[in-house]
Amino acid sequence: MKHTSLVLTGSGGQGVITAAIILAEAAVIHEGMNATQTQSYGAAARGGSTRADIIISGSPIFFPGVSQPNILVCLTQEAYTEFSSIIRPGGILLTDSRFVTLAKKVDANQIQLPLYDTVMEKIGKPIVFNICLLGALLGINAIVRPESVMEVIKTRVPADFVAMNNRALDIGLVLGANRETGRSLPADG
Amino acid sequence: MTERIEFVQGNEACVEGALYAGLEFFAGYPITPSTEVAELLSERLPQRGGRFIQMEDEIASMCAIIGASLTGRKVMTATSGPGFSLKQEAIGYACMAEIPCVIVNVQRGGPSTGNPTHVSQGDVNQARWGTHGDHAVIALTASNHQDVFAMTVDAFNLAETYRTPVILLFDEVIGHMREKLVVPEKGEIAIVDRLRTSVGKDVDYHPYLPREDGRLPMSDFGGDHRYNVTGLFHDMWGFPSNDPRVVRDLLHHLVDKIETNVGAISRYREHHLEGADYVMISYGSSARSAIHMAEHRRERGERIGVLELQSLWPFPEELVRGKCRGAKGVIVVEMNMGQVMRQVRACVDAPEKVFLANRIDGKLITPADIKAVLRVIQGKGV
């Protein structure tokens with residue numbers, strides 16, 4: 001049974017938590033999967049570090065924490081330093097080239113993409129950076145269908161903003177699909 | 001109308017359950033990690049003609065729902081940690097005056113303001129004995145959002161059936177985690193409505209005179225009948241009395257109506273319990289880790305199962321004794337210093353075989369934490 005665990009890390013205000021919720025909700029509502037989403041609560045706010053754990057599975061999910069994610073996203077240098085070691089061997093470590101300088105070698109498929117810079121260049125609005133990130137994730141690993149993510153986005157953003165989010169998702173999908181791959185994707189589970 | 005699939009926090013599942021059960025009045029004072037319950041109800045309840053009031057504090061919130069319940073409404077409040085402490089005196093009043101109400105406590109670390117944003121299950125005994133004096137109470141809990149919904153509906157039903165406060169003991173992980181919830185269609189789960197007296201207007205009504213089946217029909221306060229409500233021991237009219245017989249009989253009634261119905265009130269789930277050598281007993285978010293571990297161990301052929309308690313008070317002693325009989329070891333998995341473990345030890349045949357797997361640092365107990373305890377019990381070391 002398909003089973004994916006993800007940890008998304010970054011800084012408060014980057015939309016990490018929102019992206020996590022949208023992805024998991026898409027899996028549950030539009031793909032008939034099970035999913036759990038948890039996040040670190042505390043004095044974290046804009047600028048503080050944030051972390052969201054997601055499990056998406058065809059089977060029931062009991063323990064909702066993720067200790068070794070298949071997919072780890074780090075959107076700040078701080079998050080990269082703190083969390084890069086938890087990646088499951090052979091997993092995918094996705095970072096943004098504007099915010100993270102790759103420093104250490106981990107046993108993972110490290111993918112560095114210019115998500116933020118491309119969003120700013122083509123759309124000019126940082127608010128859809130997190131949606132571009134979701135697109136990149138789906139371009140790298142078809143966790144859910146992009147259409148499912150768009151269905152969720154439509155319920156969460158004003159109608160005037162749907163097209164912009166769609167563009168951001170597409171930009172991410174292309175960047176993710178055209179990445180330079182180091183190795184093949186890890187097996188499910 | 002078809003069933004609705006949602007991806008929501010546990011606190012939202014609680015709100016959905018309360019609305020399904022017919023909640024009409026909520027008074028509260030928001031506090032982490034229960035805040036979303038009040039936040040969502042402030043929007044949802046007025047939309048369907050109910051009333052939401054943010055009170056000046058937790059004491060007033062508890063008193064407000066008691067008053068509203070007396071007038072015939074289904075009522076709820078939600079709180080956590082210090083807020084639950086503040087409500088205790090009024091919870092005792094609701095026990096004594098037999099006023100149906102639901103109190104949600106999304107547990108966080110304590111005592112005092114404690115660890116506001118982190119998980120704990122440290123209020124289990126407070127739910128039982130937080131208010132003073134002999135009394136009985138009902139407390140339910142849940143490990144997943146479908147059960148949060150179901151237990152919330154049950155809480156309202158039990159509150160009406162037994163005319164008692166019912167406490168929903170959730171925890172921070174369940175309250176904040178998001179997962180799937182299928183909101184059932186109307187009518188799929190039975191709803192217990194207020195039992196109202198058939199005594200007509202201007203005819204003598206005895207608010208505390210039980211029917212033959214022991215239940216006490218209510219009359220909406222401020223309506224057809226004038227009667228007295230008090231926290232003092234009282235007679236069938238509701239007037240204060242210190243007549244020894246009245247005092248003794250009322251206390252017997254308050255305790256017996258719940259303690260003699262443990263079987264009807266008990267709610268639980270079994271996970272791989274058949275033929276289990278090792279029985280884990282757990283509840284709330286801790287149970288998720290216990291079940292996770294049992295699932296994986298069963299795949300490897302190990303005989304380990306979980307008794308998941310969904311009602312903690314009245315404590316299901318007969319059930320626990322029966323399920324633990326013959327087990328090589330019983331591990332109580334919880335996030336406190338052994339509050340349910342002591343209950344288990346008190347009722348099983350072999351208390352020396354009952355062990356505690358706990359975590360008290362604000363983090364959700366993990367399957368690895370439980371495995372470590374199991375290794376020690378099995379003599380395998382750490």
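Residues numbered from 1 in each chain as written. Chains lettered and ligands numbered in written order. Predicted model: local features only at pLDDT ≥ 70, side-chain atom pairs only at ≥ 80, totals over all residues.

Broken down by element type, chain B carries 13 helices and 15 strands. What you see for chain B is a C-alpha radius of gyration of 21 Å, in line with the 21 Å of a compact globule of 382 residues. Here the C-alpha coordinates of chain B stretch approximately 75 × 45 × 40 Å along the principal axes. Relative to its full complement of 382 residues, chain B shows a buried share of 49%. Pairs at least 24 residues apart make up 74% of the contacts formed inside chain B by residues separated by at least 6 positions. (Helix = DSSP H or I, 4+ residues; strand = E, 2+ residues; numbered from the N terminus. Rg over C-alpha atoms; globule rule 2.2 N^0.38 Å. Buried ≥ 20, exposed ≤ 12 C-beta atoms within 10 Å, placed from the backbone. Contact = placed C-beta atoms within 7 Å.)

This part takes up the packing of helix α3 (residues 115-122) of chain A against helix α6 (residues 162-177) of chain A. Residues and elements named next belong to chain A. Between α3 and α6, the least distance of the axes is 10 Å, while the angle of their chain directions is 135°. Between α3 and α6, the angle falls in the class oblique. Both α3 and α6 take part in a crossing whose hand is right-handed. Residues Leu115, Thr118, Val119 and Lys122 of α3 touch α6, and the partners they reach there are Ala168, Ile171, Gly172 and Leu175. Classifying every residue of the contact of α3 with α6 by side-chain character gives 5 nonpolar, 2 polar and 1 charged. (Axes fitted to C-alpha atoms, helices over the stretch in contact; angles between N-to-C directions. Parallel < 35°, antiparallel > 145°, perpendicular 65-115°, else oblique. Left-handed = near helix turned anticlockwise from the far one by under 90°. Nonpolar A, V, L, I, M, F, W, Y, C, P; charged D, E, K, R; others polar.)

Attention shifts here to the interface of chain B and chain A. If you look at the interface, chain B gives 16 residues, while chain A gives 16 residues. The element contributing the most residues to the side of chain B that touches chain A is helix α10 (residues 284-299) of chain B, with 5 residues.

Now for helix α6 (residues 145-162) of chain B. Each α-helix winds once per 3.6 residues, and so residues spaced three or four apart point in a common direction. Residues and elements named next belong to chain B. For α6, which comprises 18 residues, the first-to-last C-alpha distance of 25 Å matches the rise-based estimate of 26 Å (1.5 Å per residue) to within 8%. Of all 18 residues that make up α6, 15 are buried, and the element is covered over most of its length. Directly beyond the C-terminal end of α6, a positive phi value near 50° is found at Arg163. (Expected span 1.5 Å × (residues − 1).)

For the rest of this paragraph, the subject is the domain arrangement of chain B. All names here are of chain B. According to the domain assignment, chain B contains domain 1 (4-183) and domain 2 (269-377). Averaged C-alpha coordinates put domain 1 and domain 2 at centres separated by 26 Å. Taken residue by residue, the interface counts 26 residues in domain 1 and 19 residues in domain 2. Among the secondary structure elements, those contributing two or more residues to the side of domain 1 that touches domain 2 are β6 (115-119), α5 (124-129), β7 (138-140), α6, β8 (165-171) and α7 (172-176). Per-element accounting of the side of domain 1 that touches domain 2 gives the leading share, 4 residues, to α5. (Domains from an automatic or database assignment.)

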